[in-house]
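Notes for the structure review
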Amino acid sequence: MALATGWFFLTTKWIDKDPQNSVLYIRRGIVYSYTSPFTVIGALCLLLLFMQIKVKRKRARKLIVTLSGSSFAVYIIHTQLVVWQYFMPYRFTEVAAEPTGIMILQVLAAVLSIYFVCTIMEILRKTLFEVTCLDKGIDRIGDAVDNKLKRFVYGKKEE
């Protein structure tokens, strides 16, 4: 994140004299995208850091496992094209006009709300898949495709 912030500072303060003609001005947004190397490396570092933490309490471990398991689902849901185009545009523009303290509280409330709603959706999805046995059916289809691909690549059935 320090590299991304440095890049942003460099492009805004020293290089972007004329934003309309600067190639770096256009490229600056790439540094903050979800697929940016800075974002991916930062995420991997956080993952490695949190993998080192040992939680002794059983309830706390269960909560962490539930929330961490749904984190990817939260990302997938809230960045999904329909959600992004129909539920998110201009939803939080009025927050920028608030005083800093109130703005921070509103942003935190929005983040927690989005995380909570998406987590509930993921728990419902997971429960629905377990009740209808769709998870087992999808696993069987995945195994069959995997075996076909292995047979195609290796010329024999891999187990």
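Residues numbered from 1 in each chain as written. Predicted model: local features only at pLDDT ≥ 70, side-chain atom pairs only at ≥ 80, totals over all residues. Heavy atoms only, no water.

1. With respect to the overall build of the chain
Assigned secondary structure in the chain consists of 7 helices and 0 strands. Starting at the N terminus, the α and β elements of the chain follow one another as α-α-α-α-α-α-α. Out of the 159 residues in the chain, the part that is buried amounts to 11%. In the chain, of all internal contacts separated by at least 6 residues, the share reaching a separation of at least 24 is 41%. (Helix = DSSP H or I, 4+ residues; strand = E, 2+ residues; numbered from the N terminus. Buried < 20%, exposed > 50% of the residue type's maximum accessible area, 1.4 Å probe, protein only. Contact = heavy atoms within 4.5 Å.)

2. Comments concerning the side chain of serine 70
Assignment of secondary structure puts serine 70 in helix 4 (residues 58-78). Residue class for serine 70 comes out buried when judged on its relative accessible area of 1%. At a separation of 3.0 Å, a polar atom in the side chain of serine 70 contacts the main-chain carbonyl oxygen of leucine 67. In this structure, serine 70 is in contact with Tyr115, Thr119 and Glu122, ignoring residues within four places of it in sequence. (Polar contact = N/O pair within 3.5 Å; in protein donor to acceptor, adjacent residues only side chain to side chain.)

3. Section: the pattern of salt bridges
One pass over the full model with this rule turns up 2 salt bridges. One salt bridge connects glutamate 122 with arginine 125, and the closest N-O pair in it is separated by 2.8 Å. Taken together, the positions of glutamate 122 and arginine 125, both in helix 6 (residues 100-132) and 3 residues apart, correspond to about one turn of that helix. In this structure, aspartate 146 engages lysine 150 in a salt bridge whose closest nitrogen and oxygen atoms are separated by 3.3 Å. Placement of the pair is aspartate 146 and lysine 150 together in helix 7 (residues 134-154), with a separation of 4 residues, close to one helical turn. (Salt bridge = Lys/Arg side-chain N within 4 Å of Asp/Glu carboxyl O.)

4. What to know about helix 4
With 21 residues, helix 4 should cover 30 Å at 1.5 Å per step; its first-to-last C-alpha distance of 30 Å lies within 8% of that length. Considering bend angle alone, the principal kink of helix 4 is centred on serine 71 and spans about 30°. Burial in helix 4 covers these residues: Ser70, Ala73, Val74, Ile77 and His78. Buried-residue contacts for helix 4 involve helix 5 (81-86) and helix 6. (Expected span 1.5 Å × (residues − 1). Bend = angle between axes of the 7 residues up to and from the residue.)

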